[in-house]
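# Structure at a glance
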Amino acid sequence: MDRASRSSSSSSDSSFSSTKAWIVHGIVAGAAIAAALAARTYLGGSRKFRSRVVGIIPARFASSRFPGKPLVQILGKPMIQRTWERAKLATSLNHVVVATDDEKIAECCRGFGADVIMTSESCRNGTERCNEALQKLQQKYDVVVNIQGDEPLIEPEIIDGIVKALQAAPDAVFSTAVTALKPEDAFDPNRVKCVVDNKGYAIYFSRGLIPYNKSGKVNPRFPYMLHLGIQSYDTKFLKLYAELPPTPLQLEEDLEQLKVLENGYKMKVIKVDHEAHGVDSPEDVEKIEALMREHNLS
């Protein structure tokens, strides 16, 4: 998962007390004429482009690094519940569901009022799980937001930001968000880095530091960017994505978004002011709880 470390308490106070500003880096066009034609088809059949949006929280029990992670208690509530409650605050989402292959997770989610879609154990990543869940929903949607279940402090403004970015770009098929990378996370493979061109198109994502200079050291003056796990897709593209075979870069880096780039599609990237407090390991739970106590987040 893509994570940023904690910053100073003063910046965190600002982060939690005010609405997060998000800055659109550029317009991302879909690859080739087919994407443009698909956009025209959407526009011709609807007065408002991509108006129906569903948030899907993929959750699995069998995590290699942290088994049962979605059900871990964070100040008295399961982590998946805290993520769901934050997602429900996003004004752009018409519906929020949890997609899981585990009955224990499903039972827990139904207990706090979430809608649950059961998916197969064969899903290789969260994107595939989102696509399977989408096919099982009765309501039709234009945009799917993949919301990481281990981000219990995700800001609803970021969800709204990537949705609006995709809605504003008819030729885009994918949108995501980045934030400033902390120097101490530069060589952490769990912190995925992103580089974009001068029009805001994603060039590459990597677990290594990118760009990487000749000195092999972090340049304190360079604005390195951290990729946040949240992403949104045009639903037609999501169906296509699931049918595309894995690609070499995707497999080497173990990053599903690289399959999009390797197949010639482009992504719209927005930059946000965000402290990404994700849970990768049991040790992260204590950090999250301490942060929540510090900012009186119940």
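Residues numbered from 1 in each chain as written. Predicted model: local features only at pLDDT ≥ 70, side-chain atom pairs only at ≥ 80, totals over all residues. Heavy atoms only, no water.

Note the cut-off: UniProt positions are given in the numbering used here, feature names are shortened, and annotations may be inferred rather than shown by experiment.
An unreviewed UniProt entry lists the protein chain under the name 3-deoxy-manno-octulosonate cytidylyltransferase, from Linum tenue. Within the UniProt record for the protein chain, the comment given under Catalytic activity (unreviewed entry) is "3-deoxy-alpha-D-manno-oct-2-ulosonate + CTP = CMP-3-deoxy-beta-D-manno-octulosonate + diphosphate". In the Pathway (unreviewed entry) part of its UniProt record, the protein chain is described as follows: "Nucleotide-sugar biosynthesis; CMP-3-deoxy-D-manno-octulosonate biosynthesis; CMP-3-deoxy-D-manno-octulosonate from 3-deoxy-D-manno-octulosonate and CTP: step 1/1."

## Remarks on the side chain of Glu-155
So the rule is basically this: Numbered from the N terminus, helices here are DSSP runs of H or I no shorter than four residues, and strands are runs of E no shorter than two. Think of a polar contact as two N or O atoms within 3.5 Å of one another; within protein, one of them needs to be a possible hydrogen donor and the other a possible acceptor, and neighboring residues in sequence only count if both atoms come from side chains.
Structurally, Glu-155 can be placed in the loop between β7 (143-146) and α6 (156-167). There is a polar contact of 2.4 Å between the side chain of Glu-155 and the side chain of His-274.

## Some words on the environment of Pro-220
As for its position among the elements, Pro-220 is in the loop between β10 (202-206) and β11 (225-234). Between the alpha carbons of Pro-220 and Lys-182 there is a distance of 9.8 Å; along the sequence they are 38 residues apart.

## Some points on helix α7 (residues 235-243)
Heads up, the rule is: Accessible area is worked out with a 1.4 Å probe on protein chains only. A residue is then buried under 20% of its type maximum, exposed over 50%, and partly exposed in between. Read the arc as the range of directions from the helix axis to the C-beta atoms.
Those residues of α7 lying buried are Thr-235, Phe-237, Leu-238 and Tyr-241. Taken end-on, α7 shows its buried residues confined to a sector of 150°, consistent with a single buried face. Where α7 starts, the residue carrying a side-chain oxygen 2.8 Å from the main-chain nitrogen of Lys-236 turns out to be Asp-234.

## Notes on the pattern of salt bridges
The condition is simple: A carboxyl oxygen of Asp or Glu within 4 Å of a side-chain nitrogen of Lys or Arg is what we treat as a salt bridge.
The full count for this structure, using the stated rule, is 10 salt bridges. One salt bridge connects Arg-50 with Asp-234, and the closest N-O pair in it is separated by 3.0 Å. Placement of the pair is Arg-50 in the loop between α2 (32-45) and β2 (53-59) and Asp-234 in strand β11, with a sequence separation of 184 residues. The two residues Arg-50 and Asp-234 agree in class, both being buried.

## Regarding the packing of aromatic side chains
We describe a pair of aromatic rings using the distance from one ring centre to the other and the angle between the two ring planes. How we decide: Working definition: a ring pair exists when centres of Phe, Tyr or Trp rings (six-membered ring for Trp) sit within 6.5 Å. Plane angles under 30 degrees give stacked, over 60 give edge-to-face, the rest tilted.
A complete count under the given rule lists 5 aromatic pairs for this structure. Where Trp-84 meets Phe-112, the ring centres are 5.2 Å apart and the plane angle is 50°; that geometry is what we call tilted. With Trp-84 in helix α3 (residues 79-87) and Phe-112 in the loop between α4 (103-111) and β6 (115-118), the pair connects residues that are 28 residues apart, well separated along the chain. No difference in accessibility class separates Trp-84 from Phe-112, as the two residues are buried.

## With respect to the packing of helix α5 (residues 126-136) against α7
Convention followed: Between N-to-C directions, angles cover 0 to 180 degrees, with each direction set by a line fitted to C-alpha atoms, over the stretch in contact for helices. Any angle from 65 to 115 degrees is called roughly perpendicular, while one under 35 is roughly parallel, one over 145 is roughly antiparallel, and all others are oblique. For any pair of crossing helices, the crossing counts as left-handed if the nearer helix is rotated counterclockwise from the farther one by less than a right angle, and right-handed if it is rotated clockwise. Working rule for contacts: check all heavy atoms of both residues, and any pair within 4.5 Å makes them a contact. As a working rule, the residues Ala, Val, Leu, Ile, Met, Phe, Trp, Tyr, Cys and Pro are called nonpolar, Asp, Glu, Lys and Arg charged, and the rest polar, with Gly in that last group.
Running from amino to carboxyl end, α5 crosses α7 at an angle of 120°, the nearest separation of the two axes being 9 Å. The orientation of α5 with respect to α7, classified from their angle, is oblique. Of the two possible hands of crossing, α5 and α7 adopt the one that is left-handed. When α5 is examined against α7, the residues Thr-127, Cys-130, Asn-131, Leu-134 and Gln-135 are found in contact with a partner set consisting of Thr-235, Leu-238, Lys-239, Tyr-241 and Ala-242. Among the residues making up the contact of α5 with α7, the classes are represented as 5 nonpolar, 4 polar and 1 charged.

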